[in-house]
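Now for the letters of each chain:
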Amino acid sequence: MLAIIAALAISSSARAGLDTWPVGNNATAVTMSASVKLNYTAPITAAANAGQAQLTVGAVQNGTGTIPATNTRDFRSGRLVMIIQSQGLPAGSALSGAQAPIDITNAQVGQFEIGRMAADISSNTITLEQPLSKGYLSTGAQVVAIPEYGAVTVNTAITIDANVWNGTSGGVTAFLSSGNITLTGTAKISADAQGFRPGARNGGGGTNCTALDGAQGGEKGEGAVYGATYYGTTVRMRGNRANGAGGGDCENGGGGGGGNGGLGGRGGDAWTPDFPVWPVGGRGGQRLIYSPLDHAVFGGGGGGGEQNNGNGGGGARGGGVVFVRAVSLSGTGTISAVGGNGTAHVA
């Protein structure tokens, strides 16, 4: 599933908060003629409270690819940044196997705000010009550097996207334009398959065919709830966790599809000698309810399949987040943040 924000307007502001910032620094026109991973990101490593202006961050994921030298995009003085709680749904809101929608309107997970840096990043500290309007956890939150441009032209066959979510940062493609964005031909602004991580296939031989959780079966896909208890090589079987899908149970059970804007699909049926068709594929990830004006969440990772007779495949990543603001948008290209396709069987 996906999460996209595309606000096509110019507005004004004077403090950290929702996206009401005027385009300022380095707002010159650019033409993107080579594909690029646009955004630098860094995980927040110490809890940050509303009212404070300093953020402690960890290792920076650099953007890659070439853009005009006058349009730098790293963490430096004057840079516009997004602070976003990408993960952190309370465990009690993500019971294994639950399928009802989760309303995160008033939850920390997914909340974001925009601020401007008062100085270059120093000793793993980012200082904002204005204090935070919200609080952020020491895990699951990140800072995303947002480039600012004038008019933007993306040439045909060029993709502007982000580094994938690595469990601490990434998955967000974001920039602001004070003019028109032109997507020429097959140009693309993308966060496809850059969100929550997938579950791997099980090597085979699962015999517990009904359990929601256990040591057998395909791995669960990652979702909005944080922690090793909810995603990893030992977190298996068909119960989904929030929008992360469950893995396939028993023999040949398929992994579920990740959720976000809707409930993910259930994985394919299992097969056993006693029950040739058994509906114990991974449960789909739950739908999340929120407004994209103040929340943005990755699509849930797909669950891994249960291998049998040497055949099985893993799940796929969920879609990331695209955050773009401009005066107008034109052209025949696309803006996309869909999930990926599960991996083919592995003998």
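Residues numbered from 1 in each chain as written. Predicted model: local features only at pLDDT ≥ 70, side-chain atom pairs only at ≥ 80, totals over all residues. Heavy atoms only, no water.

*Asks:* Break down the overall build of the protein for me, with residues and values.
*Replies:* Across its full length, the protein holds zero helices and 21 strands. Relative to its full complement of 347 residues, the protein shows a buried share of 52%. A separation of at least 24 residues holds for 76% of the contacts in the protein among residues at least 6 apart in sequence. Surface exposure of the protein reaches about 12700 Å², of which carbon and sulfur atoms provide 53%. (Helix = DSSP H or I, 4+ residues; strand = E, 2+ residues; numbered from the N terminus. Buried < 20%, exposed > 50% of the residue type's maximum accessible area, 1.4 Å probe, protein only. Contact = heavy atoms within 4.5 Å. Areas by Shrake-Rupley, 256 points an atom, 1.4 Å probe, with all protein chains shown as cover.)

*Asks:* Give me the packing of aromatic side chains: which residues, what numbers.
*Replies:* Counted under the stated rule, the structure contains five aromatic pairs. Seen from their ring centres, tryptophan 165 and phenylalanine 196 are 6.2 Å apart, and the 85 degrees between their planes marks the pair as edge-to-face. Taken together, the residues span a long stretch of sequence, with tryptophan 165 in the loop between strand 13 (159-161) and strand 14 (172-177) and phenylalanine 196 in the loop between strand 16 (188-190) and strand 17 (214-219) at a distance of 31 residues. Relative accessible area serves as the criterion here: at 0%, tryptophan 165 is assigned to the buried category. An aromatic cluster is defined as three or more aromatic residues linked by ring pairs; in this entry it consists of Trp165, Phe196 and Phe298. (Phe/Tyr/Trp six-rings, centres within 6.5 Å; stacked < 30°, edge-to-face > 60°.)

*Asks:* Report on the pairing of strand 10 (residues 141-146), specifying residues and quantitative values.
*Replies:* Summarising burial for strand 10: six of the six residues are buried, a large majority. Here three bridges tie strand 4 (residues 41-43) to strand 10, and the two strands are oriented antiparallel to one another. Residue pairing across strands places threonine 41 opposite valine 144, the latter belonging to strand 10. Alignment of strand 6 (residues 80-85) against strand 10, held across six bridges, turns out to be antiparallel. (Pairing = 2+ DSSP bridges.)

*Asks:* Got a sec to walk through the pattern of salt bridges? Specific residues and values, please.
*Replies:* Evaluation of the coordinates by the stated rule reveals nine salt bridges. Of the charged contacts in the structure, one is a salt bridge between glutamate 222 and arginine 197, with a shortest N-O distance of 2.9 Å. In this pair, glutamate 222 sits in the loop between strand 17 and strand 18 (288-289) while arginine 197 sits in the loop between strand 16 and strand 17, placing the two residues 25 residues apart along the sequence. With a relative accessible area of 2%, glutamate 222 lands in the buried category. Its relative accessible area of 22% is what places arginine 197 among the partly exposed residues. (Salt bridge = Lys/Arg side-chain N within 4 Å of Asp/Glu carboxyl O.)

*Asks:* Please provide a residue-by-residue account of the sheet that holds strand 13, values included.
*Replies:* Read from one edge to the other, the open sheet built from four strands follows the order 3-13-16-21, with strand pairing classed as parallel. At either end of the open sheet lies a strand with only one pairing partner, and these are strand 3 (36-37) and strand 21 (334-336). Relative to strand 13, strand 3 runs parallel, the two sharing two bridges. Bridged to lysine 37 within strand 13 is aspartate 161.

*Asks:* Explain the pairing of strand 6 to me, and be specific about the residues and the numbers.
*Replies:* The buried fraction of strand 6 amounts to six of the six residues, a majority that puts the element mostly inside the structure. Residues Leu80, Met82 and Ile84 of strand 6 are buried on one face, and the alternating residues Val81, Ile83 and Gln85, pointing to the opposite face, are buried as well. Where strand 6 lies against strand 8 (residues 112-116), five bridges are found, and the strand directions are antiparallel. Directly across from leucine 80, in strand 8, lies its bridge partner arginine 116.

*Asks:* Which residues make up the nonpolar core, and what are the values?
*Replies:* By size, the foremost hydrophobic cluster in this structure holds 28 residues, and its most contacted members are Met82, Leu89, Ile104, Ile146, Val172, Val297 and Phe323. Residues Tyr149, Phe175, Ile189 and Ala191 belong to the second largest nonpolar core, which totals 19 residues. (Core = buried A, V, L, I, M, F, W, Y, C linked by side-chain atoms within 4.5 Å.)

*Asks:* I'd like to hear about the sheet that holds strand 6, residue by residue, with values.
*Replies:* Within the open sheet, the four strands sit side by side as 4-10-6-8. Their pairing is antiparallel. This sheet does not close on itself; its edge strands, each paired only once, are strand 4 and strand 8. If you compare each strand with its neighbour and ignore which way they point, the axes differ by 20 degrees on average. (Axes fitted to C-alpha atoms, helices over the stretch in contact; angles between N-to-C directions.)

*Asks:* So what's going on with the environment of alanine 27? Residues and values would help.
*Replies:* Here alanine 27 is to be found in the loop between strand 1 (3-7) and strand 2 (30-32). For the pair alanine 27 and glycine 179, spaced 152 residues apart in the sequence, the C-alpha separation amounts to 9.2 Å. Those residues in contact with alanine 27 that lie beyond four places of it in its chain are Glu148, Tyr149, Gly150 and Ser178.

*Asks:* So what about unusual backbone geometry? Which residues, and what values?
*Replies:* For methionine 237, which is not a glycine, the phi torsion comes out positive at approximately 85 degrees. Its identity is not glycine, yet asparagine 252 carries a phi of approximately 75 degrees, on the positive side. Positionally, asparagine 252 belongs in the loop between strand 17 and strand 18.

The quantities given are spatial measurements derived from coordinates; they are silent on function.
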